[in-house]
Amino acid sequence: MVGKNLENLGLDSFRQKLDLIDEDLKRLLNDRAEIAQKIAKIKLENDLPIYHPSREVEILRNLVSSHDEKLNIAQIWSIWRSIINVNTTIQAPLNILIHQDIGKPDYELIVNNFGLSNNITISDSLFNYKNDHEKNSSTIKIISIDSESLLDMDSHKEEIIGSLPQLYSYEQETKLYIIGKSSKLKTFDDTILFRVETNENLSLQYSENLEKIRNILRIDSVNLQKLNKNVYVISIRLINNNTKGLCKKIRDIDFISKSEFIGRYATPYTIGEKIE
């Protein structure tokens, strides 16, 4: 076998085809980068944030196919994440502030998602707004979903705009929140978040109070995350953007004394989930 001519094996022919594909890919990637530069100019002129995680999830959903393909969605997304990260740094490298309570596995999740071209800094004061003048449109913050520091986030200055991971299997769940300036982008499948104060210490799993919230809102995909004894984050998955009367319904729940909208983002995609 070693002595056989590579041309006779057909390898040269296949490699020539790969070379042509590589040339096409390079041209398309440069075209994409040129568009990214134009988008960056528009964002700069209109004081818009550089990073739009909901747009990334939109791209992810567009890549999902029910057809039999050689690459699965996890493999395809790992390639696209590299492309997205490069295009983001063309606009402006991200200044990523990470809360100090994030452990090694979650830190690796952040690096795998954003790559090594962005600036990652560990901070013990994510919500010290005295230094806000030092931050710009490319600054985002990342924090654990159960971090008590979320109590210090000023929703008038910033909000939760995304979560990690963006792609997961059924046994996985949201681990991290991405905080920054909202792009106001809405998709057909969004998660909306409220920080609420309660009159009682709620039990978290399948409690009567959680079922009561679901029944009042008439939405099944509702979850509670405890921040401290009487403050929780309510996350609500909305399909087809049906937000009518949602804030009022939450305010009217008898055991909730105060509610505050703190974020909205495109719901991450679960592998195998059907996209309507």
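Procedures and definitions
- Residues numbered from 1 in each chain as written.
- Predicted model: local features only at pLDDT ≥ 70, side-chain atom pairs only at ≥ 80, totals over all residues.
- Heavy atoms only, no water.
- Helix = DSSP H or I, 4+ residues; strand = E, 2+ residues; numbered from the N terminus.
- Buried < 20%, exposed > 50% of the residue type's maximum accessible area, 1.4 Å probe, protein only.
- Contact = heavy atoms within 4.5 Å.
- Areas by Shrake-Rupley, 256 points an atom, 1.4 Å probe, with all protein chains shown as cover.
- Lys, Arg positive; Asp, Glu negative; His and termini not counted.
- Charge placed at Lys NZ, Arg CZ, Asp CG, Glu CD.
- Salt bridge = Lys/Arg side-chain N within 4 Å of Asp/Glu carboxyl O.
- Patch = residues over 30% accessible without salt bridge, like charges linked within 9 Å, V, L, I, M, F, W, Y side chains within 5 Å.
- Phe/Tyr/Trp six-rings, centres within 6.5 Å; stacked < 30°, edge-to-face > 60°.
- Core = buried A, V, L, I, M, F, W, Y, C linked by side-chain atoms within 4.5 Å.
- Expected span 1.5 Å × (residues − 1).
- Axes fitted to C-alpha atoms, helices over the stretch in contact; angles between N-to-C directions.
- Parallel < 35°, antiparallel > 145°, perpendicular 65-115°, else oblique.
- Left-handed = near helix turned anticlockwise from the far one by under 90°.
- Nonpolar A, V, L, I, M, F, W, Y, C, P; charged D, E, K, R; others polar.

J.: Now, about the overall build of the protein chain: what can you tell me, with residues and values included?
T.: Across its full length, the protein chain holds seven helices and eleven strands. By principal-axis analysis of the C-alpha atoms, the protein chain measures approximately 80 × 45 × 35 Å. By residue count, 43% of the 276 residues in the protein chain fall in the buried class. Pairs at least 24 residues apart make up 71% of the contacts formed inside the protein chain by residues separated by at least 6 positions. As presented, the protein chain carries roughly 16,400 Å² of accessible surface, and 49% of it is formed by carbon and sulfur atoms. For the protein chain, the centre of its 36 positive side-chain charges and the centre of its 40 negative side-chain charges are spaced 4 Å apart.

J.: How would you summarise the pattern of salt bridges if you had to cite specific residues and measurements?
T.: In total, this model carries 16 salt bridges according to the counting rule given. Measuring nitrogen to oxygen at the nearest pair gives 4.0 Å for the salt bridge that ties Asp-31 to Arg-27. With Asp-31 and Arg-27 both in helix 2 (residues 11-45), this residue pair falls four residues apart, about one helical turn. Looking at Asp-31, the relative accessible area reads 34%, which means it is partly exposed. We classify Arg-27 as partly exposed; its relative accessible area is 46%. The salt bridge involving Arg-237 is made with Glu-273; its shortest N-O contact spans 2.9 Å. Of this pair, Arg-237 sits in strand 9 (residues 231-239) while Glu-273 sits in the segment after strand 11 (269-270); the two residues are 36 residues apart in sequence, bridging distant segments of the chain. Owing to a relative accessible area of 23%, Arg-237 belongs among the partly exposed residues under this scheme. Looking at Glu-273, the relative accessible area reads 21%, which means it is partly exposed.

J.: Before we move on, could you go through helix 5 (residues 104-114) and cite the residues and values that matter?
T.: Within the sequence span of helix 5, burial applies to Asp-106, Leu-109, Ile-110, Val-111, Asn-113 and Phe-114. Buried positions along helix 5 lie against helix 4 (73-91), strand 1 (95-99), strand 2 (119-123), strand 3 (139-144), strand 4 (159-164) and strand 6 (176-180). Just downstream of helix 5 lies Gly-115, where phi reads positive at about 75°.

J.: Quick one: what's the story with the environment of Leu-97, residue by residue and with numbers?
T.: Relative to the elements of secondary structure, Leu-97 occurs in strand 1. C-alpha of Leu-97 to C-alpha of Asn-119: the two residues are 22 residues apart in sequence and 8.3 Å apart in space.

J.: Run through a nonpolar patch on the surface, naming residues and quoting values.
T.: Residues Leu-18, Ile-21, Leu-25 and Leu-29 make up a contiguous nonpolar surface patch of about 360 Å² in total accessible area. Among the structural elements, Leu-29 can be located in helix 2. Judged by relative accessible area, which is 42%, Leu-29 ranks as partly exposed.

J.: Outline the packing of aromatic side chains, supporting the account with residue identities and numerical values.
T.: Applying the stated criterion across every chain, the model contains four aromatic pairs. Ring plane angle 35° and centroid distance 6.4 Å describe the contact between Phe-127 and Tyr-129, whose orientation is recorded as tilted. Assessed through its relative accessible area of 11%, Phe-127 is described here as buried. With relative accessibility at 18%, the residue Tyr-129 sits in the buried group.

J.: How would you sum up the nonpolar core? Please name residues and give values.
T.: Membership of the largest hydrophobic core comes to 19 residues, with the highest contact counts inside it found for Ile-213, Leu-217, Val-222, Ile-234, Ile-236, Leu-246 and Ile-250. Those elements giving two or more residues to this core turn out to be strand 7 (189-198), helix 6 (208-217), strand 8 (222-226), strand 9 and helix 7 (246-251). Here the element with the most residues in this core is strand 9; it accounts for four residues. Residues within four places of Ile-213 in sequence aside, it is in contact with Val-222, Leu-224, Ile-234, Ile-253 and Phe-255. Grouped together as the second largest cluster of nonpolar side chains are 17 residues, Ile-143, Ile-145, Val-231 and Ile-262 included.

J.: Tell me what's going on with helix 2, and back it up with residues and numbers.
T.: Between the first and last C-alpha of helix 2 there are 51 Å, a value that for 35 residues agrees with the 51 Å anticipated at 1.5 Å per step. Restricting attention to buried positions, one finds in helix 2 the residues Ala-33, Ala-36, Ala-40 and Lys-43. Of the surrounding elements, those touching the buried residues of helix 2 are helix 4. A positive phi of about 55° marks Asp-47, the residue just after helix 2.

J.: Describe the packing of helix 3 (residues 53-63) against helix 4, listing the residues and the values that go with them.
T.: Remark: helix 3 packs on helix 4, axes separated minimally by 10 Å, with the N-to-C direction vectors making an angle of 140°. With respect to each other, helix 3 and helix 4 are oriented oblique. Handedness of the crossing formed by helix 3 with helix 4: right-handed. Mapping the contact onto sequence places Glu-56, Ile-59, Leu-60 and Leu-63 in helix 3 and Ile-73, Ile-76, Trp-77, Trp-80, Arg-81 and Ile-84 in helix 4. Among the residues forming the contact of helix 3 with helix 4, the class breakdown is eight nonpolar, no polar and two charged.

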